[in-house]
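Close look at the chain arrangement
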Amino acid sequence: MSLHQEAGLRPQCTANKQTDFKMAADSDPESEVFEITDFTTASEWERFVSKIEEVLNNWKLIGSTAKIPLEKGELTSGVWEEKSDEISFADYKFSITHHYLKQEALTDKEFKVESEEDALPEAMQDLLSMNNDFPPRAHCLVRWYGLREFVVISPAASSDAVISESKCNILLSSISIALGNTGCQVTLFVQIQQKSRRMYVGACEGPGVRTDFEMIHLRKVPNQYNHLSGLLDIFKSKIGCPLTPLPPISVAIRFTYVLQDWQQYSWPQQPPDFDALVGGEVGGLEFGKLPFGACEDPISELHLATTWPHLTEGIIVDNDVYSDLDALQAPQWSVRVRKADNPQCLLGDFLTEFFKLCRRKESTDELLGRSAFEDESKAENADISQALQKLTEPTAVHMPRLSTMSNMVHSARKRIHRHRRVEESPISNEVLNSILLFLFPDAVADAFNAKRSASRGSNIATFEEEGYSLYSQFKSAPSDSLTYKLALCLCMVNFYHGGMRGVAHLWQEFVLEMRYRLENNYLVPGLATGPPDLKCCLLHQKLQMLNCCIERKKARDDGRKQATENALGGSMERKASNSKGTPECSDNKEFVKENKGEPSQQKSWESWSDSEDEFFECLSDTEELKDSEMKEGTAKGEGKDGGKKETQKWRPEGRLHQHGKLTLLRTGDPLYIPVTQEPAPMTEDLLEEQSEVLAKLGTSAEGAHLRARMQSACLLSDMESFKAANPGCCLEDFVRWYSPRDYIEEEVTDEAGDKVIRKELSARMKIPGNMWVEAWETAKPIPARRQRRLFDDTREAEKVLHYLVGLKPADLTRHLLPCILHAALLKVKEEESIEDIPSVRKIIQHIITHASKLLRYSNPDIKKLEEIINQIIASEAIIARSRSLQAKFGIKKCEKEEEREELERFVSSLLEEPEVPVIGAGRGPTGSIIYKLFVNAQRAATLTPIEDESGKPVSSDEHRSSSGALSEFPPPTGREIILRTTVPRPAPYSKSLPQRMYCVMLKDDFRLAGAFSSDTSFF
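These lines cover the structure that appears in this document, whether it is placed above or below. (Residues numbered from 1 in each chain as written. Predicted model: local features only at pLDDT ≥ 70, side-chain atom pairs only at ≥ 80, totals over all residues. Heavy atoms only, no water.)

**Description of the pairing of strand 7 (residues 250-259)**
- In terms of burial, strand 7 is largely enclosed, as 9 of its 10 residues are buried.
- In this sheet, strand 15 (residues 974-984) lies alongside strand 7 in antiparallel orientation, the contact comprising 7 bridges. Looking at the pairing, Ala-252 lines up with Ile-978 of strand 15. (Buried < 20%, exposed > 50% of the residue type's maximum accessible area, 1.4 Å probe, protein only. Helix = DSSP H or I, 4+ residues; strand = E, 2+ residues; numbered from the N terminus. Pairing = 2+ DSSP bridges.)

**Things to note about the packing of aromatic side chains**
- Tallied over the full model, the rule gives 27 aromatic pairs.
- Here Phe-440 and Phe-510 contribute two aromatic rings whose centre-to-centre distance is 5.9 Å and whose plane-to-plane angle is 25 degrees, an arrangement assigned as stacked. Separated by 70 residues along the polypeptide, Phe-440 in the loop between helix 16 (429-439) and helix 17 (447-465) and Phe-510 in helix 20 (residues 499-519) bring together distant segments of the chain.
- Exposure remark for Phe-440: the relative accessible area of 0% places this residue in the buried category.
- On the basis of relative accessibility, which here comes to 0%, the residue Phe-510 falls in the buried class.
- Geometrically, the ring pair formed by Phe-734 and Trp-776 is tilted, given 5.8 Å between the ring centres and 40 degrees between the ring planes. Note that Phe-734 is positioned in helix 31 (residues 731-738) and Trp-776 in helix 32 (residues 771-778), a separation of 42 residues in sequence.
- Residue classification places Phe-734 among the buried residues on the basis of a relative accessible area of 0%.
- Members of the aromatic cluster, joined through ring pairs, are Phe-722, Phe-734, Trp-737, Tyr-738, Trp-772 and Trp-776. (Phe/Tyr/Trp six-rings, centres within 6.5 Å; stacked < 30°, edge-to-face > 60°.)

**A short note on the packing of helix 16 against helix 20**
- Relative to each other, helix 16 and helix 20 sit at 50 degrees, their axes nearing to 11 Å. With respect to helix 20, the axis of helix 16 lies oblique. Relative to helix 20, the crossing made by helix 16 is right-handed. Residues Leu-432, Ile-435 and Leu-439 of helix 16 form the contact with helix 20, whose participating residues are His-505, Leu-506, Glu-509 and Phe-510. (Axes fitted to C-alpha atoms, helices over the stretch in contact; angles between N-to-C directions. Parallel < 35°, antiparallel > 145°, perpendicular 65-115°, else oblique. Left-handed = near helix turned anticlockwise from the far one by under 90°. Contact = heavy atoms within 4.5 Å.)

**Topic: the nonpolar core**
- Counting 140 residues, the largest nonpolar core has Met-514, Leu-804, Phe-889, Ile-930 and Leu-979 as the members making the most contacts within it.
- Ignoring any residue separated from it by four or fewer positions in sequence, one finds Leu-979 in contact with Leu-228, Leu-231, Leu-232, Phe-235, Ile-249, Ser-250, Val-251, Gln-995, Arg-996 and Met-997.
- Ranked by size, the runner-up nonpolar core spans 55 residues in total, among them Leu-101, Val-151, Cys-168 and Ile-978. (Core = buried A, V, L, I, M, F, W, Y, C linked by side-chain atoms within 4.5 Å.)

**Some details on helix 36 (residues 862-888)**
- The terminal C-alpha atoms of helix 36, which comprises 27 residues, lie 39 Å apart, in line with the 39 Å expected from a rise of 1.5 Å per residue.
- Looking at where helix 36 begins, the residue whose side-chain oxygen comes 3.2 Å from the main-chain nitrogen of Lys-863 is Asp-861.
- Just downstream of helix 36, Gly-890 is the residue with a positive phi angle, here 60 degrees. (Expected span 1.5 Å × (residues − 1). Polar contact = N/O pair within 3.5 Å; in protein donor to acceptor, adjacent residues only side chain to side chain.)

Right under this line is the structure:
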């Protein structure tokens, strides 16, 4: 139903109601019906006009507001803002939008001067401004009319359109009434026809003046209006100026030439050689390096705009017979490039395909069939009697040499290949061995390869040290670590070798390698020593934890092997000592005998490590407890007699070195620092688990006491070591060494008036039920080498391996995604440093800031991670565009330094700005190259020999004489013409007002956008 019809239905409905009321009155004479007709009720059209006025008032567009005159190019470089609201005409909804350039308003004094000089509305002044013709990036109405502020009313739904003439007239009448009622001097447009046609009509009103904005849009260019002469005829007839002669008409012309064919310039990006993946170098694409660059040209078109900014109609001739508009003679050239939509880039494809794994749910068993770990366990448990027999056999630990890669392959790997045919494996043996050699360079037999791998890692580390240390911010891993390399290899395997099945295959082999290294005491390469680094990802921490377990196990096995060798060498001496002494004291005597040497020969805890942990575990627990209880009971029984007797019964064990000048308070013997156990290393998930357990104990007294006991395992171990190293010690001695702040020494005056030093424990140590006191009373004098281990490396190693085996490919991808983002960002940074592109540096900084906040949590938002990946892809595309433009403009072939610098600045500006002016137009070095590009493309299209690139720039006259007119230069793709003048309308005595008409002529598009002003004072 049309708006006009909708508005015309209301009187008919009212008449029907009146008839019904009369019929009711006639049928029922007793009922009194009073008919009231309110002719002041607003119609839908009036409500629509009122809503427009209300919106204009809310946006404070009433009256005139003078602003600073427009600067050159401000419509493109300035900041545009917009406001939107929704209004309706009956049930038909419209969207009303205010577009405006953000500018500072004039002060009151400047506004008064402006008002006195020129009372025209701001929009009429903009019509005559020549500083912003043909803006490269702006709203279409800004390009057509040069306005800095306007309001558009358009149908709210994209499918709706105002097509009928009656609807258009109603909307035009509505905006005219709204402008007249409010005094608004901002131009109001109404969008008509289909939205794809971009058809607008509008009006602007001021005191005694009015400008009508009209438009014509055709699919074909009429022959009589295909040149400047015919367009001038239209313009003159439209303004209908009564003056003779007609005031001069200002003309601005722009021809646009589009280059799409790059015949003579091949795309410089070389695609990777997938067949050479394992040839020559370790991993032909070089495992550990991400690919970079676009596989196709990221620049699809080059647009050359030749502009004649200030002409008059009598200076130039352009008709259907002859034209003076020579592109080489144009005073202004400008270039803009059209970028290919989503060009295929290698790094972007790598990241996108790897990121897709995060959403998969398949497990390794589902992808590869029956688990290799399950096969291994079944094979090893086939004969349980043999397994028990092996456990009881006192065999020496076999330490195989780490020489070739075959030694590094675990037996379970053989079972995998036996159960799974080679052709079914996602990764071939050749590629798999290359990857494993890259990940584990300590297995390379050739020393040269080992050095090469080490040098590659050192180069990466050096690049990292130069200021790109991002692993702590991204919570990934160092760039020379095993985790980092594993992430890059998995990314490459996912892209080139079987996708998700290849990832599962490589991960299975990796876990088997970890199991093999644990069983054979081979440290995992590429991991920093020490406890897990909580600044790295959880997977890296797990591998560090496994390395700690291997290190402890290796030290313990080495110690056992050394003890076995010593036992074989001194068996006779040990038999003699055992026959003389009691069994209970034999171990202590042997240890005392070993420690009677010089202090310099005392072993540190690092040398002990956990090498004697098995000494406690191999003894019977009951014998050890009986031995320690007997010593403690003897010590308590003789404590009253003095420290000397106690010392004789209790031999010192596990001393590291003497603690300065401190002595024991009771006996006066020197205080020795004991050999203690190192605290157990923990990964962040274990810390979180421990925190949750402690938090669940609650805040009650019992819970607090239990929490303190759980946290005092390390304290109890240190107390036992201290007691074993310092016979006759007391709690005060331990506090003096362990927590000096809790042992207070102060000078006081005694009863006799003498000054003495009082020594006592701090107040917190004297609290009843203190944990330290309870632990001291519980502690037995047991040296660290015979204590139960605080860190059970066997159990922790199995937990780590169980964790690794249970990881699905999707979980593995989430763990390693920070490493991949880290590597991708380093790659982009490395490539950007070659090209020096400011916009890419800004993107990189934004990525670092955003990713460092996002990746610090264990489960980052997937959508936000995808945004970061898209930003990295955008950076890669920008760098690829830069290289494409450099190749097309031949920067590397340019011999003159000045011309080369000019070309580099020009290419850099093309990436940053929407349109870049060409210095010297067609006569400069850049213009000469652009001219050759178009001429060669035209010759290629007509099968003419292509011009030599090394030729010098040609002038317009030389080119005409050699080739005859402009036949070699292609015809313009688009032509734009702006006509302006100031004439009195509609009468000779009317005020002179600006008139403007914009014309654009394309192959299948012809548009005239006119703004015609008239004096309304007497008309």
